[in-house]
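# Structure assessment
What follows is the residue order along each chain.
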Amino acid sequence: MTEPDRPRKRESGQPRKFVKKSPGTRGPKGNRPPQGAGPRAIDAIDPARRAARDVLKAVRERDAYANLVLPGLLRERKLDTRDAALATELAYGASRARGVLDAVIAHAAGRPAAEIDGPLLDILRLGSYQLLRTRVAPHAAVATSVDLARSEFGTGKAGFVNAVLRRVSERTAAQWVDELAPPAASDPVGHLAFEYAHPKWIAQAFADALGADAGELATVLEADDARPSVHLVARPGEISAEELALITGGEEGPYSPYAVHLDGGDPGKLDAVRDGLAGVQDEGSQLVGRALTLAPLVGVDGGRWLDLCAGPGGKAALLGAIAQIDGARVDAVEPTPHRADLVSKTTKDLPVTVHTVDGRQSGLDGGYDRVLVDAPCTGLGALRRRPEARWRRLPSDVAGLVALQKELLAAAIDLVRPGGVVLYSTCSPHLSETTAVVADAVRRFGVEPLDTRELLPGVPQLGDGTSVQLWPHRHGTDAMFMAALRKPM
Ligand SMILES: C[S@@+](CC[C@H](N)C(=O)[O-])C[C@H]1O[C@@H](n2cnc3c(N)ncnc32)[C@H](O)[C@@H]1O
């Protein structure tokens, strides 16, 4: 593969908004598909684009997760480092930008993207992404897409791909934003949503959660396209964060006493992780576990703790390690059997008992001192971890999840003893899933929010201290929400 075929300037996974590709780049002249490569040639000369296309296809056809499909595919096909980087950039980038690419493709094709054959749409998405969001030479973006279409669907379909991509290439990314995004003056959130390739309802949810700081919305949206740095948790009682940073070459995290940040690399290959001294866990999630174990109780801590939504077990493992030091015990509830198995694996050798039951009707005896409700949620705070997730979620998902969250929080409040504490958390900043659920519990059950500024000193927080909203652009963590609630005596 020649150098101009590769994205320049950016590393795979680094942020790029849907704007500002140098003006003046134009597509190839004429409607005729470039001649040349057949199926064998595509496989031989363009394994990166073939792999990226196969990832888009798996997501579209099987509802697969791009970040789970791609690594196996790269291994199986033995792509070299450069092709693997290109395949990753294209597969993840086109997945993140999907909705906006579809709007551009629909305009260029003169019909809704949903009416274009899926396999052709995959190729058009890949080609448009290269044209609008990378520095791949336009002729290479179009020619490789046309070759791919011709090798599988024949000359007629290849001509369609050529015609559409040629029209896409007639405008720069910024010009497409001007053409298709809602005007910034009348609909600033809609405009930013298009510019940064998010569904508007998600951008609106972020803006609502930012409140007075909605001016940071562009930064928040941009952070969803950035590759998150890897955070390790130093297992309490096994190793300190200082020692872990020393042996891994990482840096201690700013907020959690257990956190170590790595620059990159595969954490699964680290001896400390393989030997169970450390795990991979976002620093925000570590703070959830820490807040629960630090929350002041009224009366003696009887050391009975409960994790009501435990799968796959990241927070249960941290709670279990702290419980071991504190002489406490943890019950972990997870209704999905394979996720419950994961909890058992991650908490092996720790004082944790796993119950494969529904948290709403767990049948457990009450009287717990500390209960964690890390509720099932839309996951809008962790979009950077799953490239296509922003397009998979629907606004209609929210109501059902909120109902479940309220039921789980009610069950937790029932199971905690008077004077004990429930920690409610989500990896979503959507206000319906966060402060509204907490306010509902305060109103219905008279629970008292603890001051999170006292609970987590040193963690910058906004608001009145009744809850914490973390943000990737501010804290470098997922956008975790948490509130600690004491049950009245
Ligand atoms: C956000 S995840 C929890 C992540 C986990 N705390 C960790 O740190 O690894 C939410 C979990 O709640 C589980 N869940 C869904 N419905 C539930 C219910 N009715 N009762 C208890 N857990 C439930 C999901 O299967 C999922 O594993």
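Conventions we followed
- Residues numbered from 1 in each chain as written.
- Predicted model: local features only at pLDDT ≥ 70, side-chain atom pairs only at ≥ 80, totals over all residues.
- Heavy atoms only, no water.
- UniProt positions renumbered as here; feature names shortened; annotations may be inferred.
- Helix = DSSP H or I, 4+ residues; strand = E, 2+ residues; numbered from the N terminus.
- Rg over C-alpha atoms; globule rule 2.2 N^0.38 Å.
- Buried < 20%, exposed > 50% of the residue type's maximum accessible area, 1.4 Å probe, protein only.
- Contact = heavy atoms within 4.5 Å.
- Areas by Shrake-Rupley, 256 points an atom, 1.4 Å probe, with all protein chains shown as cover.
- Phe/Tyr/Trp six-rings, centres within 6.5 Å; stacked < 30°, edge-to-face > 60°.
- Near = heavy atom within 4 Å.
- Polar contact = N/O pair within 3.5 Å; in protein donor to acceptor, adjacent residues only side chain to side chain.
- Nonpolar A, V, L, I, M, F, W, Y, C, P; charged D, E, K, R; others polar.
- Expected span 1.5 Å × (residues − 1).
- Core = buried A, V, L, I, M, F, W, Y, C linked by side-chain atoms within 4.5 Å.
- pLDDT = per-residue confidence, 0-100.
- Salt bridge = Lys/Arg side-chain N within 4 Å of Asp/Glu carboxyl O.
- Disulfide = S-S within 2.5 Å.
- Arc of directions from axis to C-beta.

Going by the annotation in an unreviewed UniProt entry, the name recorded for the chain is Transcription antitermination factor NusB, with Rhodococcoides yunnanense given as the source organism. According to its UniProt record, the chain has this under Sequence similarities (unreviewed entry): "Belongs to the class I-like SAM-binding methyltransferase superfamily. RsmB/NOP family."

## Regarding the overall build of the chain
Helix and strand counts for the chain stand at 22 helices and twelve strands. Taken against the 2.2 N^0.38 rule, which gives 23 Å for 489 residues, the C-alpha radius of gyration of the chain at 25 Å falls within 12% of a compact globule. In terms of overall dimensions, the chain has C-alpha extents of about 80 × 50 × 35 Å along its principal axes. Expressed as a percentage of the 489 residues in the chain, the buried residues total 58%. For the chain, long-range pairs separated by at least 24 residues make up 73% of all intrachain contacts whose partners lie at least 6 apart in sequence. Summed over its atoms, the accessible surface of the chain is roughly 20200 Å², and 52% of this surface lies on carbon and sulfur atoms.

## Things to note about the packing of aromatic side chains
Using the criterion set out here, one finds two aromatic pairs in the structure. Consider the rings of Phe206 and Trp471, whose centres lie 6.2 Å apart with planes at 90°: the pair is edge-to-face. Within this pair, whereas Phe206 is found in helix α11 (residues 200-210), its partner Trp471 is found in the loop between β11 (468-469) and α22 (472-475), the two being separated by 265 residues in sequence. Across the pair, exposure class does not vary: Phe206 and Trp471 are buried alike. Ring plane angle 70° and centroid distance 6.4 Å describe the contact between Tyr424 and Phe481, whose orientation is recorded as edge-to-face.

## Side note on the site of the ligand
In the region of the ligand, 20 residues are neighbours, and Gly314, Glu334, Arg339, Gly359 and Asp374 sit closest. One nitrogen or oxygen atom from the side chain of Glu334 is found 2.7 Å from an oxygen atom belonging to the ligand. Taking Gly359, its main chain carries an N or O atom lying 2.9 Å from a nitrogen atom of the ligand. Protein chains bury 86% of the 600 Å² of accessible surface belonging to the ligand in isolation. When the residues that make up the shell around the ligand are grouped by side-chain class, the tally is nine nonpolar, five polar and six charged.

## A look at helix α4 (residues 81-96)
Helical geometry note: an α-helix holds 3.6 residues per turn, so side chains three or four residues apart project in the same direction. The end-to-end C-alpha separation of α4 is 22 Å, in line with the 22 Å expected for 16 residues at 1.5 Å each. Counting buried positions along α4 yields 13 of 16 residues, so the element is predominantly enclosed. Capping the start of α4 is the job of one residue whose side-chain oxygen sits 3.2 Å from the backbone nitrogen of Arg82: Asp80.

## Focus on the nonpolar core
Core analysis: the largest hydrophobic core is formed by 46 residues, its most contacted members being Phe206, Leu306, Leu308, Val373, Leu409, Val422 and Tyr424. Of all the secondary-structure elements, those providing two or more residues to this core are α10 (188-195), α11, α12 (217-223), β8 (368-374), α19 (397-415), β9 (416-426), α20 (435-445) and β12 (481-486). Filtering out sequence-adjacent residues up to four positions away, Leu409 remains in contact with Val373, Val422, Tyr424, Val437, Ala441 and Leu485. Counting 35 residues, the second-largest nonpolar core is a separate cluster that includes Val233, Tyr255, Trp305 and Leu470.

## What to know about the confidence of the model for the chain
Low pLDDT marks stretches whose predicted atomic positions should not be read closely. Averaged over every residue, the pLDDT of the chain is 91; the share at 70 or more is 91%. The low-confidence segment residues 1-16, where pLDDT is below 50, has 51 contacts with residues more than four positions distant or belonging to other chains. Counted against residues more than four places away or in other chains, residues 19-42, with its pLDDT under 50, gives 55 contacts.

## Some thoughts on the pattern of salt bridges
A full pass over the atoms with the stated rule returns 35 salt bridges. Arg474 is the salt-bridge partner of Glu216, the closest N and O atoms lying 3.0 Å from each other. With a gap of 258 residues between them, Glu216 in the loop between α11 and α12 and Arg474 in helix α22 connect regions that are remote in the sequence. A salt bridge links Glu388 to Arg392; the shortest N-O distance between them is 2.6 Å.

## Notes on the state of the cysteines
By the definition in use, this model includes zero disulfides. Cys377 takes part in no disulfide bond, and the closest cysteine sulfur to it belongs to Cys427, at a distance of 3.6 Å. Residue Cys377 is classed as buried on the basis of its relative accessible area, which comes to 12%. A relative accessible area of 25% places Cys427 in the partly exposed class.

## Let's talk about the UniProt feature "domain: SAM-dependent MTase RsmB/NOP-type" (unreviewed entry) in the chain
In this structure's numbering, the residues bearing the UniProt feature "domain: SAM-dependent MTase RsmB/NOP-type" (unreviewed entry) are residues 206-488. What you have in residues 206-488 is 36% helix and 19% strand, and the ends, taken at the C-alpha atoms, are 33 Å apart.

## A look at helix α13 (residues 241-248)
When α13 is considered as a whole, its buried residues turn out to be Ala241, Leu244, Ala245 and Thr248. For α13, the arc enclosing every buried residue in end-on projection is 100°, short of the 170-degree limit, so these residues lie on one face. Among the exposed residues of α13, those pointing more than 90 degrees away from its buried face are Glu242, Leu246 and Ile247. Looking at the packing, one finds that the buried side of α13 touches β1 (230-234), β2 (251-252), β3 (259-262), α14 (271-274) and β4 (278-280). At the C-terminal side of α13, Gly249 shows a positive phi close to 75°.

## Comments concerning the environment of Asp147
Mapped onto the elements of the fold, Asp147 is located in helix α7 (residues 138-153). Given the relative accessible area of 11%, Asp147 is considered buried. For the pair Asp147 and Asp46, spaced 101 residues apart in the sequence, the C-alpha separation amounts to 9.9 Å.

## What about the UniProt feature "binding site: S-adenosyl-L-methionine" (unreviewed entry) in the chain?
Within this numbering scheme, the UniProt entry marks Cys309, Ala310, Gly311, Pro312, Gly313, Gly314, Lys315, Glu334, Asp358 and Asp374 as carrying the feature "binding site: S-adenosyl-L-methionine" (unreviewed entry). Position of Gly313 relative to the elements: it lies in the loop between β5 (304-307) and α16 (314-326). When near neighbours in sequence (up to four residues on either side) are disregarded, Gly313 contacts Val343 and Thr346. Checked against the element boundaries, Glu334 lands in the loop between β6 (329-333) and α17 (337-346). Leave out the neighbours within four places in its chain, and Glu334 touches Cys309, Ala310, Gly311, Arg339, Ala340, Val343, His355, Thr356 and Val357. There is a polar contact of 3.1 Å between the side chain of Glu334 and the backbone nitrogen of Thr336.

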